[in-house]
Amino acid sequence: MPEMLEVESYRQIASRALGRRIEAVEVRDPWFVKGGIDPDAVVAALRRRRFVADRRIGKLLLLDTDDGSTLGVRFGMTGVLELDGVDGIDGLAYGSTRRDPAWERFIVHFDGGGSLRVRDARRLGGVELDPDESRLGPDATTVDRTTLSDALFGSAAPVKARLMDQSRIAGLGNLLTDDLLWRARIDPTRTAGSLDAGEVRRLHSAMRATLRVLGRRGGSHTGDLQDQRHRDGHCPRCGSLLQRQSVGGRTTYWCPAEQI
DNA sequence: CCGGATGTTCACCT
DNA sequence: GAGGTGAACATCCG
């Protein structure tokens, strides 16, 4: 479920835990600890520390401790962050809201009884100590037109694949990308490097608009295309039958009449 | 029952 | 080197 809009919501929830003393850390699922580090090392790094800053780069949530280390959290497709029993997705449009204690993979207990919990049914997410932030491009909310243009320049890959390449631009997932390409009226299969200046301009403003509008509406599941993401789905603007095809390894929907 | 689902990583091709 | 494909992870939903 989480793309950058959801993770941004998680960040805001996590910010309420800043300054609290960490009493204990529970690694319910050792497999959930990434980066080739012993789960005990993560526990030791966080014990008795406080989180002093909350950050987000794309879909990666970063919590800095007063000790100079950083806890990185990735949510995969089904990860949810919960603080003191409140889900970071409350208030967002979401699929299943089921809570199964078996899905709790990583728990930070604070002095005074509160807790920060990472729940992930499919285990596609994970936590990591001091993740390599340099592997991510700039967050999509900060990308200007020149940066976008540079990210596309000279690439033979489909423009959609390039937009979702987290090392170029961080944060855009499958749903947001389909929606912004629809808004920009650009065919997702177009070669990234083939877009002219006017198209890059359109793409950039569509990207900004999509993040702003969907952020306000309640997340990446509130896109204009969302209800039509199925076989026989139609373009919300012109009514054409949507094209459905795998692009950049992901199921992609677009309007063959308008997106050229 | 079957196919597909918001993500990332990796092995293996072309 | 660049890009594509499929697998893996585990579960839910239509």
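Residues numbered from 1 in each chain as written. Chains lettered and ligands numbered in written order. Predicted model: local features only at pLDDT ≥ 70, side-chain atom pairs only at ≥ 80, totals over all residues. Heavy atoms only, no water.

Trainee: It is not clear to me how the environment of D66 should be interpreted in this structure. Could you clarify?
Mentor: Position of D66 among the secondary structure elements: in the loop between β3 (60-65) and β4 (70-74). Under the relative-accessibility criterion, D66 is labelled partly exposed at 36%. Distance from D66 to R49, taken between C-alpha atoms, is 6.3 Å for residues 17 residues apart in sequence. Among residues more than four places away in sequence, those in contact with D66 are R49, R50 and V52. Side chain to side chain, D66 and R49 meet in a polar contact 2.7 Å long. (Helix = DSSP H or I, 4+ residues; strand = E, 2+ residues; numbered from the N terminus. Buried < 20%, exposed > 50% of the residue type's maximum accessible area, 1.4 Å probe, protein only. Contact = heavy atoms within 4.5 Å. Polar contact = N/O pair within 3.5 Å; in protein donor to acceptor, adjacent residues only side chain to side chain.)

Trainee: Explanation requested: the pairing of β3 in the structure shown.
Mentor: In summary, the side chains of a regular strand alternate between the two faces of the sheet. With respect to burial, β3 is a largely interior element, six of its six residues being buried. Across the two faces of β3 the burial is the same, with L60, L62 and D64 and L61, L63 and T65 all buried. Here strand β2 (residues 51-57) runs beside β3; their pairing, made up of six bridges, is antiparallel. Directly across from F51, in β3, lies its bridge partner T65. The antiparallel pairing of β2 with β3 creates a hairpin that spans two residues between the two strands, and G58 there sits at a positive phi of about 60°. (Pairing = 2+ DSSP bridges.)

Trainee: Any chance you could explain the domain arrangement of chain A here in plain terms?
Mentor: The figure often quoted for interface size is the accessible area lost as the parts come together. Taken domain by domain, chain A holds domain 1 (4-134) and domain 2 (137-254). Computed from C-alpha coordinates alone, the two centres of domain 1 and domain 2 are separated by 28 Å. With ten residues of domain 1 at the contact, the number on the domain 2 side is 19 residues. The tally of links between domain 1 and domain 2 comes to one salt bridge. A salt bridge links D139 to R56; the nearest nitrogen and oxygen atoms lie 2.7 Å apart. Of all the secondary-structure elements, those providing two or more residues to the side of domain 1 that touches domain 2 are α1 (4-15) and β2. For the side of domain 1 that touches domain 2, the leading source of residues is α1, giving three residues. Of the residues that constitute the side of domain 1 that touches domain 2, the class distribution is six nonpolar, one polar and three charged. (Domains from an automatic or database assignment. Salt bridge = Lys/Arg side-chain N within 4 Å of Asp/Glu carboxyl O. Nonpolar A, V, L, I, M, F, W, Y, C, P; charged D, E, K, R; others polar.)

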